[in-house]
Amino acid sequence: TGHWTYLGLRTHRPSRQRANMSTPCAAPCMSASTRTDVFQRRSRAAGDLTPRQPVNVVGRRSASRARTPVPPGRGGRALRGTVNATNTELDDGQIEGIEGYGAISTKPATPLLDTINYPVHLKNLTIDQLQQVCKELRADLIYKVSQTGGHLGSSLGVIELTVALNFVFDQPEDRIIWDVGHQAYPHKMLTGRRERMNSMRQDDGLSPFTKRSESPFDCFGAGHSSTSISAGLGMAVARDMQGKSNHVIAVIGDGAITGGMAYEAMNNAGYLDTNMIIVLNDNQQVSLPTQYNGLNQDPVGAISSTFARLQSSKPLRELRESAKAMTKQMPVQVQEVTAKVDEYARGMISGSGSTLFEELGLYYIGTVDGHNLPDLVAILQEVKSTRSVGPVLIHIVTEKGRGYSYAESAQDKYHGVSTFDVASGKQNKSKAGVASYSQFFVDALIGEASQDESIVAIHAAMGGGTGLNYFEKFFADRTFDVGIAEQHAVTFAAGLAVEGLKPMCTIYSTFLQRGFDQVVHDVALQNLPVRFAMDRAGLVGEDGPTHAGAYDVTYMACLPNMVVMAPMNEAELCHMVATSLAIDDGPSCFRYPRGPGVGVDLEKEGVVLAQPGYRGKVLEVGKGRVLQEGTDVCLLGYGVCVNRCLEAAEMLRERGISVTVADARFCKPLDTVLIRQLAKNHGALITVEDGSIGGFASHVLQFLALDGLLDGNLKVRPMTLPDVNIEHGSNAKQLMECGLSSAHIASTALSIMGQKKEALQMLVMPMSVK
């Protein structure tokens, strides 16, 4: 009987060698060529994760980050042919293949996982069976995400942790909070949603993050980072006040813990001395003050594992609690001495990084191999059963993308993926077409920076998403990744502006919300020339309401001194990059959406194709433009909605209605001359924007009211995002739900003109016509 070893799916095993591990295939074995370079075999000792070179900036996630070289014959991708001998010894770190898996492109056989619908079904399994669950869960996750796209790398890194947490604790009574939520795919699969994973990020499908309304096992919704410890502490305090005894566990990554809110929460947790568990999931992509950052230090091994078990030991912790209670009855001087003795004793068995967490009042356990399931289970069981007071932090070290070689070797690219071919690792990108707005933005910034050495760029651990990783290739010394710390990013930019530099603070619209006080107090109040490039403005399709850029126009345009603008296409975006950099007497901002540009001819639109990058022209601040003149109704668009106004105007033209289309360009300062002219020359005015109530339309209506233009026969209809959260789905569906499609704009125009029947007919036209 032929045998083969499936290289991609593995769990951590004990350090002693195991032989005779080959598992017979129930399905035809893959040929050697089929499996070439698909999964990375491991030849590292148990508990050993290859140390990574430290990065210079907290929170940096760089695709070009250097990795420690792997000696020949140890690690790396390998070809493994069919195993014919039944007693073939596997390389250290490998595990058996999944029986019946067959070809890589087919759905894996998951016989044990198929019996697990909810966490309670894990309770009677042995450790060996739990390890098999991990193996099958990893296989199924890779297959499912290859079909739908989504967050892969982070989810692969927490397979063992997820299984251990669900085995030890009792959800949903015990609360497990996943910070950010992009690593919660295994959690969803073990809590009744595995069969719906193919609907992830689809219309009416599963959310890509944890969501309270989706499942009782999602005790706290997420999407933004660094919130789990605060939420968990609130739940723990509420539990104590209500006399309950359930456990609260917050799982936070090493990226999310760079956010200041996490430290505020830990500080408060230490002060309140409330029982809760914090699991720091550390995949070594950020610089933390812990021992593993040294290149010559092993992050996890036999000694570390022993210390972690000792730290979590029930007798040790209960003895420590008893000693603390006794010394509280003694004089202050004695208390100080015993505290020092305790600190030094703890330091003998703790990593050097424990000092920080201990100073915040947390009992530190670590570091722990996050892929060693027996250790994870043992430590979590000890912590759960120990009668002690106060928060505990368990520091685990994991590998992002664990088990899939392409995700391990290119962790940035496999953090969030489109659909992909499992065998080759090749992602199915959309066909080459118009570049994204993010790419046009960074090209325009590169073109400007090549002519002005004072231009600097800041982002908050989103170099890939914002495009600034590309900017960094040209201007490494002028690119600053501040980590997941938007508040700091804004005030850091303000400090740069004070000294005469030209900071471009590039943050997603949804994330800039986290730094709003700094925008108000540190930038706008001081009238400092900081430029805010707000990516992912408006609707964001599959990422849903947690990442939608719905509020930026409202919260930025209400600030004195702030110039607020939005481009209708990529050429206008280039112009606004140039315009914002030319504004040196106050702050400015511009928003642009996710997705590709319109496809305009840049040179015809006045953009210079520089080498490198693009250079736009400086616009007159506060001046809009008329794109098309008509007599019956005026459509005044802001941002990319102007393009749908043009489409709606064409629909109306076919019905004999003459339409003016204007591009506002600026929300603040408004082009009051243009708006007054439009109001006087038309009986109906419709404003269109993909932002919340209180944005562009509010500023237009405020002007019209104060100018007396609403005192006559002018009819005005504002079209904005509705006052509800727009769930994830396709962009076309979201526009229909919001009432902002071109058909809805045309229908609104017909309605305002009294053609009610025609307005309804416009909305029921076939989608192909719209």
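Here, the structure is the one placed above.
Residues numbered from 1 in each chain as written. Predicted model: local features only at pLDDT ≥ 70, side-chain atom pairs only at ≥ 80, totals over all residues. Heavy atoms only, no water.

(A) Just the overall build of the protein, in detail. Helix and strand counts for the protein come out as 27 helices and 21 strands. Counting only residues that meet the buried cut, the protein has 58% of its 770 residues in that class. Long-range contacts, defined as pairs at least 24 residues apart, comprise 78% of the intrachain contacts of the protein with a sequence gap of at least 6. Taken as a whole, the protein presents about 30,400 Å² of accessible surface, with 52% of it coming from carbon and sulfur. (Helix = DSSP H or I, 4+ residues; strand = E, 2+ residues; numbered from the N terminus. Buried < 20%, exposed > 50% of the residue type's maximum accessible area, 1.4 Å probe, protein only. Contact = heavy atoms within 4.5 Å. Areas by Shrake-Rupley, 256 points an atom, 1.4 Å probe, with all protein chains shown as cover.)

(B) Expanded view of the nonpolar core. Counting 54 residues, the largest nonpolar core has L165, I394 and Y404 as its most contacted members. A493, Y555, C634 and L685 belong to the second-largest nonpolar core, a separate cluster that totals 51 residues. (Core = buried A, V, L, I, M, F, W, Y, C linked by side-chain atoms within 4.5 Å.)

(C) Main features of the pairing of strand 17 (residues 633-637). Along strand 17, 5 of the 5 residues are buried, which leaves the element largely enclosed by surrounding structure. Covered by surrounding structure in strand 17 are V633, L635 and G637 together with C634 and L636, the residues of both alternating faces. Taken together, the 5 bridges between strand 17 and strand 18 (residues 659-663) define a ladder with parallel strand orientation. Bridge assignment links V633 to a residue of strand 18, and that residue is V659. Handedness of the crossover is the feature at issue here: the chain leaves strand 17, passes through helix 22 (residues 641-653), returns alongside strand 18, and the resulting connection is right-handed. Direction of pairing for strand 17 relative to strand 20 (residues 684-688): parallel, over a ladder of 4 bridges. Directly across from C634, in strand 20, lies its bridge partner L685. (Pairing = 2+ DSSP bridges. Right-handed = clockwise from strand over helix to strand, strands pointing away.)

(D) Representation of the sheet that holds strand 13 (residues 588-591) in the model. Strand order in this open sheet of 7 strands is 9-8-10-11-13-12-19, and the pairing throughout is mixed. Both edges of this open sheet fall to strand 9 (479-481) and strand 19 (666-668), since each of them pairs with a single strand only. Across the sheet, the mean angle separating the axes of adjacent strands is 20 degrees when strand polarity is ignored. (Axes fitted to C-alpha atoms, helices over the stretch in contact; angles between N-to-C directions.)

(E) Seen up close, the sheet that holds strand 21 (residues 715-719). Strands sit in the order 16-18-17-20-21 across an open sheet of 5 strands; the sheet is mixed. Looking at strand neighbours, the two that pair on one side only are strand 16 (625-628) and strand 21, the edges of this open sheet. For this sheet, the mean angle separating the axes of adjacent strands, direction not counted, is 25 degrees. Of the strands in this sheet, strand 17, strand 20 and strand 21 touch helix 26 (residues 742-752), which is tilted by about 160 degrees from strand 21.

(F) View of the packing of aromatic side chains. The tally for this structure, following the rule as stated, stands at 15 aromatic pairs. Between the aromatic rings of F471 and F475, the centroid separation amounts to 5.0 Å while the plane-to-plane angle is 45 degrees, which identifies the pairing as tilted. Judged by relative accessible area, F471 falls into the buried class, the value being 0%. Here F475 falls in the buried class, since its relative accessible area comes to 10%. (Phe/Tyr/Trp six-rings, centres within 6.5 Å; stacked < 30°, edge-to-face > 60°.)

(G) Spotlight on the packing of helix 14 (residues 437-449) against helix 21 (residues 570-582). Running from N to C, helix 14 and helix 21 cross one another at 40 degrees; their axes reach a closest spacing of 9 Å. When the axes of helix 14 and helix 21 are compared, the pair comes out oblique. Relative to helix 21, the crossing made by helix 14 is right-handed. Where helix 14 approaches helix 21, its residues Y437, F440, F441, A444, L445 and E448 are matched on the opposing element by E570, L573, C574, V577, A578 and L581. Residues that form the contact of helix 14 with helix 21 fall into these classes: 10 nonpolar, no polar and 2 charged. (Parallel < 35°, antiparallel > 145°, perpendicular 65-115°, else oblique. Left-handed = near helix turned anticlockwise from the far one by under 90°. Nonpolar A, V, L, I, M, F, W, Y, C, P; charged D, E, K, R; others polar.)

(H) Seen up close, the pattern of salt bridges. By the definition in use, this model includes 25 salt bridges. A salt bridge links D114 to R194; its shortest N-O distance comes to 2.8 Å. Of this pair, D114 sits in the loop between helix 1 (32-35) and helix 2 (127-148) while R194 sits in the loop between helix 5 (185-193) and helix 6 (228-241); the two residues are 80 residues apart in sequence, bridging distant segments of the chain. For R194, a relative accessible area of 7% gives the class buried. When salt bridges with common partners are traced through the structure, they connect D114, D140, K144 and R194 into a single cluster. (Salt bridge = Lys/Arg side-chain N within 4 Å of Asp/Glu carboxyl O.)

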